Protein chains: 2
Amino acid sequence: MSGKRVTIYDVARELGVSASYVSRALNGHPATSQKVREKVRKKATELNYKLNSHAANLRQGSSRTIGVVVPHINQTFFSEAIAGIEEVCFENNHSLIICQSHESFAIECKAIDTLIHQNVDCILISLSAETQSYTHLQNILAHHIELIQFDRCMDHVDSYKVFNDDKEASYSAAKMLFDQGYRRVAFLGGPQHLTVFKRRKEGYLMALRESGFSIPYDFIVDDILDKEQAATIAAALLSAPHPPDAFLTVSDHQSLGVLEVAQSRGVQVPEQLGIFGFANEAFTPIIKPSLSSIDQKSKDLGKATAGIYFENILKGQEPTLTKREVIIKTELICRQSSRRTIAS
Amino acid sequence: MSGKRVTIYDVARELGVSASYVSRALNGHPATSQKVREKVRKKATELNYKLNSHAANLRQGSSRTIGVVVPHINQTFFSEAIAGIEEVCFENNHSLIICQSHESFAIECKAIDTLIHQNVDCILISLSAETQSYTHLQNILAHHIELIQFDRCMDHVDSYKVFNDDKEASYSAAKMLFDQGYRRVAFLGGPQHLTVFKRRKEGYLMALRESGFSIPYDFIVDDILDKEQAATIAAALLSAPHPPDAFLTVSDHQSLGVLEVAQSRGVQVPEQLGIFGFANEAFTPIIKPSLSSIDQKSKDLGKATAGIYFENILKGQEPTLTKREVIIKTELICRQSSRRTIAS
DNA sequence: TTGTAGGCGTTATCAT
DNA sequence: ATGATAACGCCTACAA
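In every chain, residue numbers begin from 1 and rise along the written sequence. Here the convention is simple: chains get letters from A, ligands get numbers from 1, in the order in which they are written. Where totals are concerned, whole chains, interfaces and linings use all residues; where local detail is concerned, this predicted model gives features only for residues with pLDDT of at least 70, and gives and counts side-chain atom pairs only at 80 or more. Here the side-chain values reflect all heavy atoms present in the structure, with hydrogen atoms and water set aside.

**Q** I'd like a description of the UniProt feature "domain: HTH lacI-type" (unreviewed entry) in chain A, backed by residues and values.
**A** UniProt positions are given in the numbering used here, feature names are shortened, and annotations may be inferred rather than shown by experiment. Residues annotated in UniProt with the feature "domain: HTH lacI-type" (unreviewed entry) correspond here to residues 6-60 of chain A. Secondary structure elements are defined from DSSP: runs of H or I of at least 4 residues count as helices, runs of E of at least 2 residues count as strands, and each element is numbered from the N terminus. Span residues 6-60 of chain A is 67% helix and 0% strand, its end C-alpha atoms 20 Å apart.

If you want it as structure tokens, here you go:
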């Protein structure tokens, strides 16, 4: 009863057929009779037979498994994106291995190695903040594993890329701030070697240029990674003789840092200071004042990313996408933190 | 150069040794000379050789992989626990496959099947809210896969269990509410077939009994799963002629629902209504008033859970744990939402 | 429709 | 210290 694993041979013996027939029956191969197929399936569940994926993978050279590497799974954007990826993989009967890089380049490399060992068919990756080189990505390709980047992508790597209309998004967020009467809009950005953050900055700069207003050079600060850093910068800027009257940031956590500093100093938001975040984290509608943000449609983004593998790569419908770039439209969510004209 | 996968045979051929020797060298087998071992390693990286885990697993019968099944990866408790699990697995050179059940019993079963296919050595699971039967858990054991339950466990299943001191935690939360002068403390609970929620309710009942106060039977409501349901119940209770003056809940999201209802009706928190949550979600210190909650030490809990596999099961140090239960102590975090005496 | 045989890449056993 | 060989469980030509 217990002891060794049940194999197709066990099922075959019980039924008096060959192992290969059992294999075919279980896989619904056309060259099997309805009747026997049913019998085999029944016996298999009866014996509690379970496929050994490792054996199947070894034989077939494909694992029907997809790997995902993200900086953190507990940020709304990533967990939602993963939910989307999961859904599509599930529909296509593929498994998913999720790895976190914890924003570390070294861990990201290790994760990729693991996924290569696991023989995944495809790796979906959103790069860590530290990542500046791309040899590890080329290593993926060298192992004939498909590669798709999303959100935090690296240019100059030959792969599909899925991301938001980041430039447009931060352009309209900045524009909205100007429209609300804010004039001295500061910008807290991310690492510039990641294209997402470059694009978000470009959007801001575009709106700034268009507005005709000018701001001091130190109102633009890159490489802010968390709430604490954002708070430090905000505190410094707000202490200056001519402080900003609004902050546009590339993450809600940064915005939260700004908000906390403002509140601790009695600066009224949104009356004296406008704040605009990015990512539409779960906490944004809950806090007071509620935080304006950008909804990245992260679940759709995840679905699109996984979809590329199944639709464009597996089914070989490459021609439909010439530039190998998919852009997911964001949605501007205007809440209290940037709504100055609300009272007027 | 490209085309086929690099195997130990390729490395062996280049070096003029046998494949089995390469295998041994790569694994640091004692019956290999230092010198050749180095040579093999160098050549292997040079040729970009990567182990095929599937082949190794098939041969060894073990995958050095652990599976985790949780309801959702984007709840603080679970993502932190996973971070802990990940850390321990990493230290022990094991891979991790993460699956979400999305609180669905059917998906949970499917996830377990997948993990069995993947030949994982051990499954760490926190059950979905729907799960009432445990045949799928016994199926895991039938496949000679180790099983460890955490947080949301099912009794009567023969496995290690890791969970918080839930009863003590909600006991002290309730006691704190009484100490602050609240008298009519309502309780919003979870599905009673999951032991966690049973224990949390017991703690509340214990404190209530001890307090000597009595409350109407309808102040105790089980099976609340989300913010919306909590809000509905809170609205109903607060409309009654003799409403509760405090709510103790089994999740921060429930508490948030209560808080929003209170605020929309102009009920002052904490002056007129005390609120106490559970889980110490990221948003609890951010909202106004900040929400009192229970820190579950979820990362430690994850580490302990994975630790059991490596310490107690793999190394066979079972005797150290007689009851096969590990309890992780929580910490009471008292914030504004339950601090009525602050003004007095 | 059914069976036979061989091999996927690795490692354990046995031999040298 | 090193090599030959078989086996892990499955799938797929090929044969019948």
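Next comes the rest of the account.
**Q** Explain the relation of the copies chain A and chain B residue by residue, including any values.
**A** In screw terms, the move from chain A to chain B is a rotation of 180° and a rise of 0.0 Å along the axis, fitting with an RMSD of 0.2 Å. Taken together, the turn and the small shift mark the pair as related by a two-fold rotation axis. Residues are treated as being in contact if the distance between any of their heavy atoms lies within 4.5 Å. Most of the interface of chain A is mirrored in chain B, where 100% of its interface residues again form contacts. The copies are overlaid by a least-squares fit using only the C-alpha atoms of residues whose pLDDT is at least 70 in both copies.

**Q** Let's hear about the pattern of salt bridges: which residues, and what values?
**A** Salt-bridge detection follows one rule: a side-chain nitrogen of Lys or Arg within 4 Å of a carboxyl oxygen of Asp or Glu. What the rule picks out here adds up to 33 salt bridges over all chains. Across the salt bridge formed by Lys43(B) and Glu46(B), the nearest N and O atoms sit 3.4 Å from each other. Remark: Glu46(B) and Lys43(B) occur in helix 3 (residues 34-46); sequence separation between them is three residues, near one turn of the helix. Salt bridges sharing common partners tie together Asp151(A), Asp166(A), Arg199(A) and Arg200(A).

**Q** How would you summarise the packing of helix 2 (residues 19-26) of chain A against helix 3 (residues 34-46) of chain A if you had to cite specific residues and measurements?
**A** Residue and element names in this part refer to chain A. Note on method: axes are straight lines fitted to C-alpha atoms, helices fitted across the in-contact stretch only, with angles between N-to-C directions ranging 0 to 180 degrees. One way to put it is that helix 2 packs onto helix 3 with a least axis distance of 9 Å and a crossing angle of 95°. It follows from the interaxial angle that helix 2 and helix 3 lie roughly perpendicular. Residues Tyr21, Val22, Ala25 and Leu26 of helix 2 form the contact with helix 3, whose own contacting residues are Val36, Arg37, Val40, Arg41 and Ala44. Angles are sorted into four bins: roughly parallel if under 35 degrees, roughly antiparallel if over 145, roughly perpendicular if 65 to 115, and oblique for all others.

**Q** Got a sec to walk through the interface of chain A and chain B? Specific residues and values, please.
**A** Every contact between the two is made by 45 residues of chain A and, on the other side, 45 residues of chain B. A quick way to say it: buried area is the sum, across both parts, of accessible area lost when two parts are put together, with a 1.4 Å probe. Taken over both partners, the interface formed by chain A and chain B buries close to 4,100 Å², and the fraction arising from carbon and sulfur atoms is 53%. Contact with chain B buries surface across chain A, with Lys50(A), His54(A) and His117(A) losing the most and accounting together for 16% of the total. Summed over the shared surface of chain A and chain B, the result is two salt bridges. With its nearest N and O atoms 3.4 Å apart, the salt bridge here joins Lys50(B) to Asp113(A). The definition of a polar contact used here is a pair of N or O atoms within 3.5 Å, where within protein one atom must be able to donate a hydrogen and the other to accept one, and adjacent residues in sequence count solely through side-chain atom pairs. At the junction of chain A and chain B, the tally comes to 22 residue pairs in polar contact (both at pLDDT 80 or more). Secondary-structure elements contributing two or more residues to the side of chain A that touches chain B are helix 4 (53-60), helix 5 (76-91), strand 2 (95-100), helix 6 (105-117), helix 7 (135-142) and helix 11 (252-264) of chain A. Residue classes in the side of chain A that touches chain B are distributed as 15 nonpolar, 23 polar and seven charged. Classification used: nonpolar for Ala, Val, Leu, Ile, Met, Phe, Trp, Tyr, Cys and Pro, charged for Asp, Glu, Lys and Arg, polar for all others including Gly.

**Q** Go over the environment of Val157(A) with me, naming the residues and quoting the values.
**A** Residue and element names in this part refer to chain A. Here valine 157 lies in the loop between strand 4 (146-150) and strand 5 (160-164). Taking the C-alpha atoms as reference points, valine 157 and glycine 190, 33 residues apart in sequence, are found 21 Å from one another. Look past the residues within four positions of valine 157 in its chain and what remains in contact with it is Tyr134, Leu137, Leu147 and Gln149.

**Q** Outline the sheet that holds strand 4 of chain A, listing residues and values.
**A** Residues and elements named next belong to chain A. Note on pairing: DSSP must find at least two bridges between two strands before they are called paired. Ordered by their spatial adjacency, six strands build an open sheet running 2-1-3-4-5-11, and the pairing between neighbours is parallel. Among the strands making up the open sheet, the edge pair consists of strand 2 and strand 11 (325-328). Recorded for the sheet is a direction-independent mean angle of 20° between the axes of neighbouring strands. Pairing geometry for strand 3 (residues 122-125) and strand 4, over four bridges, is parallel. Residue pairing for strand 4: leucine 124 is matched across the bridge by isoleucine 148. Helix 6 rests against strand 1 (65-70), strand 2 and strand 3 of the sheet, and its axis sits at about 175° to strand 1.

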